[in-house]
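The chain contents come next:
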Amino acid sequence: MRAAVYYRATDIRVEEVPDPVAGPGEAVVDITVCGLCGSDLMDWYSDAKAPTVLGHEIVGRVRSLGEGARPDDGDLEVGDRVFVHHHTPCGVCDICRRGFETLCSTFKSSALDPGGFAEQVRVPAAMVRREILVLPDHVTDEQAAFIEPLACCVRGVEKARIGPGDTVVVIGLGQMGQLYARAALARGARVVGSDPVAARRELVEAAGAVTLGENPTADELRAVFGDRGVGVVAMCTGAAAAQQLGCDVAERGTTIQIFAPARPGASLPIEPNKIFFNEITVQASYSADPGDIRDALRLLADGAVNVDDMVSHRFPLAETARAMDAARGKGDSMKVLIETGR
Ligand SMILES: [Zn+2]
Ligand SMILES: [Zn+2]
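Description of the structure in this document. (Residues numbered from 1 in each chain as written. Chains lettered and ligands numbered in written order. Predicted model: local features only at pLDDT ≥ 70, side-chain atom pairs only at ≥ 80, totals over all residues. Heavy atoms only, no water.)

From N to C terminus, the chain includes 13 helices and 15 strands. Against the 2.2 N^0.38 benchmark of 20 Å for 342 residues, the chain shows a C-alpha radius of gyration of 20 Å, consistent with a compact globule. With the principal axes as the frame, the chain shows a C-alpha extent of 60 × 40 × 40 Å. Burial analysis of the chain (342 residues in total) assigns 53% to the buried set. Here the chain has roughly 14,700 Å² of accessible surface; of this, 50% comes from carbon and sulfur atoms. Across the chain, the centroid of the 35 positively charged side chains sits 3 Å from that of the 48 negatively charged ones. (Helix = DSSP H or I, 4+ residues; strand = E, 2+ residues; numbered from the N terminus. Rg over C-alpha atoms; globule rule 2.2 N^0.38 Å. Buried < 20%, exposed > 50% of the residue type's maximum accessible area, 1.4 Å probe, protein only. Areas by Shrake-Rupley, 256 points an atom, 1.4 Å probe, with all protein chains shown as cover. Lys, Arg positive; Asp, Glu negative; His and termini not counted. Charge placed at Lys NZ, Arg CZ, Asp CG, Glu CD.)

This is the structure we're talking about:
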């Protein structure tokens, strides 16, 4: 089969690699669509793993099943249209029991073979049991490519306990900010979004959020909610100026949720005294667990979250390098998909 192998950001080669084979309990999936994630563009992260096959927002069809391959909560057959998640927690260690499933060492070490920017992927047995979701007919492959990033947002809004009427400021309206805003809106929250790029603001407004122009001040953002105050600031970008704005927006009782990596070595620009005298909560939400992917699929299947307006580019596997360039062009790109079937 073919796979797009990442050597460096400027060196991605589509190569012939051996077809994966399903061992006992395992599955091999023919990939149809794989979404490009912001983390696929973090060179410092990918370089450490190179050569590697990136891509972890995977949709496809089951090609073959090893002996005894079966999800814990249902059936799986050759030909089924599926979403495949890329990590799985053990579910029983102390970290998992405390609710930090995405930090479990099993989660970190579990992996698909080789990755999503390939024609096929092998799904290890533990992941067949919990991380493959059979898609309802009315959820398209493109929509299902949003399950993984939306699941991260589901986890984020749950961690921040966002509910009906809550006030949320989303800083950074790239693909994760867009999905975070939609996940919060689906829970009945009021959302203000901030991003210097006009097209991104228009997109989140169409989803039901409010925006205030190119560079709103912290005071202007806070004023939208008036006396109700800012319940949650979701930092959906690691850009320094955006993180400054997010910290400035926080006030009495605000939860600041870090939802995106920053540049290595960066610090959060907030004084401990501001945190103390305002009882600000600083928390983070990272990745998604088996419950989150199921919740995300439900939101998409029910139409509670719409993602159809978020796809900006589609490329065949052979053009993975071009797809990554397109995703780097922040102004006009939103969700970039690799459509392996093309
Ligand atoms: Zn991702
Ligand atoms: Zn665990």
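This paragraph deals with the coordination of the zinc ion (ligand 1). For the zinc ion (ligand 1), the full set of protein donor atoms is Cys 37 (SG) and His 56 (NE2), and the range of their distances to it is 2.1 to 2.3 Å. Highlighted residues: Cys 37 in the loop between strand 3 (27–35) and helix 1 (43–47) and His 56 in the loop between helix 1 and strand 4 (57–65), separated in sequence by 19 residues. Residue class for Cys 37 comes out buried when judged on its relative accessible area of 13%. (Donors = N, O, S within 2.8 Å, 3.2 Å for Na, K, Ca; no water.)

In this section: the packing of aromatic side chains. Under the definition given, this model contains 3 aromatic pairs. Between the aromatic rings of Tyr 180 and Phe 259, the centroid separation amounts to 4.9 Å while the plane-to-plane angle is 70°, which identifies the pairing as edge-to-face. Of this pair, Tyr 180 sits in helix 7 (residues 175–186) while Phe 259 sits in the loop between strand 12 (255–258) and helix 11 (272–277), placing them 79 residues apart in sequence. Among the residues examined, Tyr 180 registers a relative accessible area of 0% and is labelled buried. Among the residues examined, Phe 259 registers a relative accessible area of 10% and is labelled buried. (Phe/Tyr/Trp six-rings, centres within 6.5 Å; stacked < 30°, edge-to-face > 60°.)

When a metal carries six donors in an octahedron, the ideal angles between them are 90 or 180 degrees, while four donors in a tetrahedron ideally lie at 109.5 degrees. Binding of the zinc ion (ligand 2) to the protein goes through Cys 90 (SG), Cys 93 (SG), Cys 96 (SG) and Cys 104 (SG), at separations of 2.3 to 2.4 Å. Along the chain, the residues donating to the zinc ion (ligand 2) are arranged with the sequence spacing C-x2-C-x2-C-x7-C. The exposure class of Cys 96 is buried, given its relative accessible area of 5%.

Taken together, the side chains of Trp 44, Tyr 45, Phe 100, Leu 103 and Tyr 286 make up a nonpolar region of the molecular surface, amounting to roughly 480 Å² of accessible area. Secondary-structure assignment places Phe 100 in the loop between helix 2 (94–97) and helix 3 (105–109). (Patch = residues over 30% accessible without salt bridge, like charges linked within 9 Å, V, L, I, M, F, W, Y side chains within 5 Å. Salt bridge = Lys/Arg side-chain N within 4 Å of Asp/Glu carboxyl O.)

A word on the side chain of Gln 178. Mapped onto the elements of the fold, Gln 178 is located in helix 7. Filtering out sequence-adjacent residues up to four positions away, Gln 178 remains in contact with Leu 173, Arg 200, Leu 203, Val 204, Met 310 and Met 334. (Contact = heavy atoms within 4.5 Å.)

Nonpolar side chains tend toward joint burial in soluble globular proteins. One finds Ile 147, Leu 150, Cys 153, Ile 162, Val 168, Val 170 and Tyr 180 to be the most contacted residues of the largest nonpolar core, which totals 48 residues. Every element with two or more residues in this core is listed here: helix 6 (147–159), strand 8 (167–171), helix 7, helix 8 (198–206), strand 11 (232–235) and helix 12 (290–302). By residue number, the principal contributor to this core is helix 6, which donates 7 residues. Counting residues in hydrophobic clusters, the runner-up holds 36 residues, among them Cys 34, Val 82, Met 127 and Leu 317. (Core = buried A, V, L, I, M, F, W, Y, C linked by side-chain atoms within 4.5 Å.)

The subject of this paragraph is helix 8. Those residues of helix 8 that sit buried are Arg 200, Arg 201, Leu 203 and Val 204. End-on view of helix 8: buried residues confined to an arc of 160°, all on one side of the axis. More than 90 degrees from the buried face of helix 8, the exposed residues found are Glu 202 and Ala 206. On the buried face of helix 8, the contacting elements are helix 7 and strand 10 (210–211). One or two steps after helix 8, the chain reaches Gly 208, where phi turns positive at roughly 115°. (Arc of directions from axis to C-beta.)

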